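Report on the structure
Okay, here's what each chain looks like letter by letter:
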Amino acid sequence: SIGAVLAGVLIWWEPFDLGMTAGGFSRWCYVDACITMLFVGLCFLTTRSTIKEVLMNLLMTCPRQVDMNVFQRQLSKISGVVSTHDVHVWQIGQSKVCTAHVVIANPLQSPFVLDACSDMAWKSHKMDHTTFQIEVGLDPSSCCKGHEGES
């Protein structure tokens, strides 16, 4: 790389005297490490946003462009939906993924509500993969015993 060549030229040329180390070597030998650290810093600065996106994917955080409160309100406003709970959204690569429990009163509305939830998730938030668990008239607190406190 350019950095290695530059360091080699400076170590060989020694444009001015920097003195000698205790072992008898020119202090110009430290130029290689200094230039390497400079290039490490430059690489870090130019890839900072990519590193942040990768970490967000690895940690499975909610994508920044999805407001969970808005998304949950939109699900609740779908005709036939009584309530929603355990709504989760995360991103894998460029794909947004969603899972949610959707409570309905009438079991005959199940296919229509499922289609409406999937359509809204795609059209409003571009969610590629959605899984909606339809629950008929269940009390949200009784559906997920042992999962209290999860969101």
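In case you missed it, the structure is sitting above this.
In what follows, the accompanying structure is described.

Cut-offs and rules
Residues numbered from 1 in each chain as written. Predicted model: local features only at pLDDT ≥ 70, side-chain atom pairs only at ≥ 80, totals over all residues. Heavy atoms only, no water. Pairing = 2+ DSSP bridges. Helix = DSSP H or I, 4+ residues; strand = E, 2+ residues; numbered from the N terminus. Buried < 20%, exposed > 50% of the residue type's maximum accessible area, 1.4 Å probe, protein only. Polar contact = N/O pair within 3.5 Å; in protein donor to acceptor, adjacent residues only side chain to side chain. Core = buried A, V, L, I, M, F, W, Y, C linked by side-chain atoms within 4.5 Å. Contact = heavy atoms within 4.5 Å. Axes fitted to C-alpha atoms, helices over the stretch in contact; angles between N-to-C directions. Left-handed = near helix turned anticlockwise from the far one by under 90°. Nonpolar A, V, L, I, M, F, W, Y, C, P; charged D, E, K, R; others polar. Parallel < 35°, antiparallel > 145°, perpendicular 65-115°, else oblique.

1. Some details on the pairing of strand E3 (residues 127–136)
Alignment of strand E2 (residues 95–104) against E3, held across 9 bridges, turns out to be parallel. Following the sheet pairing, Ala-100 is matched in E3 by Phe-132.

2. Points about the side chain of Asp-86
Mapping Asp-86 onto the fold places it in strand E1 (residues 81–92). Exposure remark for Asp-86: the relative accessible area of 18% places this residue in the buried category. Here the side chain of Asp-86 touches His-85 through a polar contact of 3.2 Å, side chain to side chain.

3. Observations regarding the nonpolar core
One broad rule of soluble globular proteins: the nonpolar side chains tend to lie buried together. The biggest cluster of nonpolar side chains holds 17 residues, and the ones touching the most others in it are Phe-71, Leu-75, Val-102, Cys-117, Met-127 and Phe-132. For this core, the elements supplying multiple residues, two or more each, are helix H3 (68–76), E1, E2, helix H4 (110–125) and E3. If near-sequence neighbours (up to four positions away) are discounted, Met-127 is found in contact with Val-66, Phe-71, Val-89, Lys-96, Cys-98, Ala-121 and Trp-122.

4. Section: the packing of H3 against H4
Helix-helix packing is described using two parameters, namely the angle between the two axes and the distance between the axes. Following both chains from N to C, one finds H3 and H4 inclined at 145°, their axes separated by 10 Å at the closest point. Once H3 is placed against H4, the crossing between them reads as right-handed. Where H3 abuts H4, its residues Phe-71, Gln-74 and Leu-75 lie against Cys-117, Met-120, Ala-121, Ser-124 and His-125. Its residues assigned to classes, the contact of H3 with H4 comprises 5 nonpolar, 3 polar and no charged.

5. Some remarks on unusual backbone geometry
A positive phi is found at Glu-14, a non-glycine position, where the angle reads about 45°. Its location among the elements puts Glu-14 in the loop between helix H1 (2–13) and helix H2 (31–58). Its identity as a non-glycine residue notwithstanding, Met-60 has a phi of 55°, on the positive side. Here Met-60 lies in the loop between H2 and H3.

6. Let's talk about the packing of H1 against H2
Axis separation between H1 and H2 bottoms out at 9 Å; the angle between their running directions is 155°. Classed by the angle they form, the pair H1 and H2 counts as roughly antiparallel. Remark: the crossing between H1 and H2 carries right-handed chirality. Here H1 contributes Gly-3, Leu-6, Ala-7, Leu-10 and Ile-11 to the contact with H2, which in turn contributes Val-31, Asp-32, Ile-35 and Phe-39. For the contact of H1 with H2, the residue count by class is 7 nonpolar, 1 polar and 1 charged.

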